[in-house]
Amino acid sequence: MLILIMKSKIIIAIVALVIVALMGWGYYSTAQHRAHGHTSELNPKETIFEHLGDAYGWEVPFNHNARIPLPIIVWGQDGLHCFMSNRITGGETYEGFKISTSEKYHGKVVQVMEDGSEVRPWDFSITKNVAGLFIAALLVIWMVFSLKRWYARNNLKAPRGAKGFLELVVDFVYGDTIRPILGKHAPKYAPYLLTAFFFILTMNLLGLIVIFPGGANLTGNIAVTLVLALLTFLITTFSGTREYWKEILWPEVPMALKCPVPMMQLIEVLGMFTKPLALMVRLFANMMSGHMVVLVLVLLIFIFTSLFGVGVGIGTSIFSVAFTLFMLLLDVLVSFIQAYVFTILSTIFISMALVEPHHSEAK
Amino acid sequence: MELFTPEFGLVFWMFLAFLCLYFILAKFAWPYIIKSMEERADKIDKGVAYYQEAEARLQNAQAEADKLIAQAHNEQADILREAAKMRNELIENARGEAADEAKKVTEAAQVSLEQARKEAEKQLRTEVGDLALQIAEKVIRRNIANDDAQRALVEQYLSEVETKN
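Residues numbered from 1 in each chain as written. Chains lettered and ligands numbered in written order. Predicted model: local features only at pLDDT ≥ 70, side-chain atom pairs only at ≥ 80, totals over all residues. Heavy atoms only, no water.

**A closer look at the overall build of chain A**
Looking only at helices and strands, chain A has 11 helices and 8 strands in total. Overall, chain A is about 80 × 75 × 45 Å in size when its C-alpha atoms are taken along their principal axes. Residues counted as buried form 42% of the 363 residues belonging to chain A. For chain A, restricting intrachain contacts to residue pairs at least 6 apart in sequence, the fraction spanning at least 24 positions comes to 62%. When the accessible surface of chain A is split by element, carbon and sulfur atoms take 71% of a total near 19,600 Å². Chain A carries 26 positive and 23 negative side-chain charges, and their two centres are separated by 12 Å. (Helix = DSSP H or I, 4+ residues; strand = E, 2+ residues; numbered from the N terminus. Buried < 20%, exposed > 50% of the residue type's maximum accessible area, 1.4 Å probe, protein only. Contact = heavy atoms within 4.5 Å. Areas by Shrake-Rupley, 256 points an atom, 1.4 Å probe, with all protein chains shown as cover. Lys, Arg positive; Asp, Glu negative; His and termini not counted. Charge placed at Lys NZ, Arg CZ, Asp CG, Glu CD.)

**Overview of the packing of aromatic side chains**
Residue and element names in this part refer to chain A. Taken as a whole, this structure holds 18 aromatic pairs over all chains when the rule is applied. Judged by centre distance (6.1 Å) and plane angle (40 degrees), the rings of F83 and F97 are tilted. Here F97 lies in strand 5 (residues 97–99) and F83 lies in strand 4 (residues 79–84), a separation of 14 residues in the sequence. Among the residues examined, F97 registers a relative accessible area of 0% and is labelled buried. (Phe/Tyr/Trp six-rings, centres within 6.5 Å; stacked < 30°, edge-to-face > 60°.)

**With respect to the environment of A:V18**
Structurally, A:V18 can be placed in helix 1 (residues 2–35). Residues A:V18 and A:I337, 319 residues apart in the sequence, show an inter-C-alpha distance of 28 Å.

**Side note on the packing of helix 5 (residues 186–208) of chain A against helix 9 (residues 263–308) of chain A**
Residues and elements named next belong to chain A. Interaxial distance between helix 5 and helix 9 falls to 10 Å at its minimum, and their mutual angle equals 15 degrees. On the basis of the axis angle, helix 5 is roughly parallel to helix 9. Crossing handedness for the pair helix 5 and helix 9: right-handed. Taking contact as the criterion, the partners of I200, N204, G207 and L208 in helix 5 are, on helix 9, L283, M287 and H291. (Axes fitted to C-alpha atoms, helices over the stretch in contact; angles between N-to-C directions. Parallel < 35°, antiparallel > 145°, perpendicular 65-115°, else oblique. Left-handed = near helix turned anticlockwise from the far one by under 90°.)

**Observations concerning helix 7 (residues 242–249) of chain A**
All names here are of chain A. Of all the positions in helix 7, only E243, Y244 and I248 are classed as buried. For helix 7, the buried positions fall inside an angular range of 140 degrees around the axis, keeping them on one side. Next to the buried residues of helix 7 lie helix 6 (222–238), helix 9 and helix 10 (310–353). (Arc of directions from axis to C-beta.)

**Focus on the interface of chain A and chain B**
Listed by partner, the interface residues are 54 residues for chain A and 34 residues for chain B. Summing both partners gives a buried area of about 4,100 Å² for chain A against chain B, and 82% of it is carried by carbon and sulfur. At the boundary of chain A and chain B, one finds 4 salt bridges. Its salt-bridge partner being B:E7, residue A:K108 comes within 3.6 Å of it at the nearest N-O pair. In this structure, the connection of chain A to chain B is made through 7 residue pairs in polar contact (both at pLDDT 80 or more). (Buried area = accessible area lost by both parts, 1.4 Å probe. Salt bridge = Lys/Arg side-chain N within 4 Å of Asp/Glu carboxyl O. Polar contact = N/O pair within 3.5 Å; in protein donor to acceptor, adjacent residues only side chain to side chain.)

**Examining the pairing of strand 6 (residues 109–112) of chain A**
Residue and element names in this part refer to chain A. Here strand 5 pairs with strand 6 via 3 bridges, running antiparallel. When the sheet's bridge partners are listed, K98 is paired in strand 6 with V110. In terms of strand pairing, strand 6 meets strand 7 (residues 118–119) through 2 bridges, oriented antiparallel. The residue bridging V112 from the neighbouring strand is E118, located in strand 7. In textbook terms, the turn of a hairpin is the stretch between consecutive antiparallel strands, and for strand 6 and strand 7 this stretch comprises 5 residues, one of which, G116, has a positive phi near 90 degrees. (Pairing = 2+ DSSP bridges.)

**A few points about a nonpolar patch on the surface**
The grouping of A:I318, A:F319, A:F323, A:F326, A:L330, A:L333 and A:I337 at the surface amounts to a nonpolar patch, some 710 Å² of accessible area in total. Locating A:F323 in the fold gives a position in helix 10. (Patch = residues over 30% accessible without salt bridge, like charges linked within 9 Å, V, L, I, M, F, W, Y side chains within 5 Å.)

**Topic: the pattern of salt bridges**
Between side chains of opposite charge, a pair can form when the charged atoms approach closely. Residues and elements named next belong to chain B. If you walk through the whole model with that rule in mind, you get 12 salt bridges over all chains. Measuring nitrogen to oxygen at the nearest pair gives 2.7 Å for the salt bridge that ties R117 to E114. Taken together, the residues span about one helical turn, with R117 and E114 both in helix 2 (residues 30–140) at a distance of 3 residues.

**Focus: the domain arrangement of chain A**
A common way to state how big an interface is: give the accessible area lost once the parts meet. For chain A, the assigned domains are domain 1 (71–123) and domain 2 (128–362). Its C-alpha centre places domain 1 of chain A at a distance of 33 Å from the equivalent point of domain 2 of chain A. (Domains from an automatic or database assignment.)

**Description of the confidence of the model for chain B**
Chain-level pLDDT for chain B is 86 on average; 93% of the residues reach the 70-or-more range. When the elements of chain B are averaged for pLDDT, helix 3 (residues 147–164) of chain B gives the smallest value, 77, and helix 1 (residues 8–28) of chain B the largest, 93. (pLDDT = per-residue confidence, 0-100.)

**Section: the sheet that holds strand 8 (residues 122–123) of chain A**
All names here are of chain A. Taken together, the 3 strands give an open sheet; going across it, the order is 4-3-8, and neighbouring strands pair in antiparallel fashion. Of all strands in the sheet, those with a lone pairing partner are strand 4 and strand 8, marking the two edges. Bridge count for strand 3 (residues 71–76) against strand 8 is 2 bridges, and the pairing is antiparallel. By the bridge assignment for strand 8, W75 is matched with W122.

**Let's talk about the side chain of A:S317**
As for its placement among the helices and strands, A:S317 is situated in helix 10. Within polar-contact distance, the side chain of A:S317 engages the backbone oxygen of A:I314 at 2.5 Å.

**Brief notes about helix 6 of chain A**
Under the 1.5 Å per step criterion, the end-to-end length of helix 6 of chain A is 24 Å for 17 residues, consistent within 8% with the ideal 24 Å. Buried residues dominate helix 6 of chain A, accounting for 12 of its 17 residues. Where helix 6 of chain A is buried, its residues touch helix 3 (128–154), helix 5, helix 7, helix 9 and helix 10 of chain A together with helix 1 of chain B. For helix 6 of chain A, the capping residue at the N-terminal end is A:N221, with a side-chain oxygen 3.0 Å from the backbone nitrogen of A:A223. (Expected span 1.5 Å × (residues − 1).)

**A word on the state of the cysteines**
According to the stated counting rule, one finds 0 disulfides over all chains in the structure shown. You can see A:C82 has no disulfide; the closest cysteine sulfur is in B:C20, sitting 18 Å from it. (Disulfide = S-S within 2.5 Å.)

**A look at the nonpolar core**
With 75 residues, the main nonpolar core has A:L194 and A:F199 as its most contacted residues. The element best represented in this core is helix 5 of chain A, accounting for 14 residues. In this structure A:L194 touches A:V170, A:V173, A:Y174, A:I178, B:W30 and B:I34, once residues within four positions along its chain are discounted. Of all hydrophobic cores here, the second largest spans 8 residues; its members include A:V74, A:F83, A:I88 and A:V109. (Core = buried A, V, L, I, M, F, W, Y, C linked by side-chain atoms within 4.5 Å.)

Right, dumping it as structure tokens:
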């Protein structure tokens, strides 16, 4: 009983500390914000979209202006330029490049022409998101190879601890999802699906960590989900059987629906594209909205502070932090669910492309 | 809507990163992991099947053993009963034989006793006769001339005595 009370006291103390720290941080960064000539009031919309989007350099906590510099690689009008992001993130122009403040290219690297106009170069920069991608990829490699090493060294002994959990997840995704759905084709497609699952999961979870190795809103970025969905689309399309294409181009429906006007064909072809599109939007929207809700909840503190004063802000912070914690935990769940949903749907789309002729109808 | 416009650079790097990740994992990790996991699953399945079979066998063996034990108990009881019967018979036989033997011994003893008695009687009779004769002779030597007539008389008396006995 005493231990329980002590434990709960420790938890309360930690929560209180977190709240105080957050409030201090909030006050500090707001003060810094003001001191740096941001005379305008807090702009929640801008702040939210800034955090959801990409950035050159990686923010560090407690200092609004310091960033971990990342390489900028651009192909402008006069060829390739590489330099570190800290040369331009302060608003400077370096080798003719700067971060635009114009409406059109806001926050992106642009090349300033001689007449003052801004041209967007081919931008291969290692931005925060790209660096996040690499970190996630390396983490996945490390994770998966640690499991492999376990098997290589321990000869079929069940893995313990974190590796055991990893194996549980692999088994759930492969043994309980991919293999039952794809059957004999499973070994061929499993590497793609498993890689996609673990990459998405790692990116999702990394996105929830607020400081350096995490914090990049990767799967909440449409470019990332676009590539993933595109790969599923390509695999589905290129492994389509004769029966799959027949069902698209000459489905078994009454003649009137397909012959003079190819209505069914139109719908089926549309379906080919809507499936990956849904994959792309689902993952993107889920992760992005999770981040957005957390951001809004945190920003509520500052909004209320600026509207009603510090007292109300402190009151709000208690609720905000509680809800933020809840949302983050929910997002951990969502991270797993969305990675799994992406994988299972990709598996199903692939299995639909691998369809064999129905024997009863073939006769 | 900046949020919904995929950035070219990120698409490029994502494509590259994913493909590298895919090729590394698909070549060096996933097949091995899947193979190992399936091997282990197979091994566990086999182990379970083996265990179940072994358990069934064990139960069979147990039943068999129980049956054997029960049978052995029955046999033991039979043997004991048989043995008891045999023992009783043996004792009975021995008793009978002993009784016979005893009877025989007794009879023989009686016979020899009888013989001895007759012998003794005979001897006694002769000795008594002689003794009587000697006595009689001493008593009546002088007035009895005919010895033979006297002896017949004594014989006669003795016979009378014998019949009285």
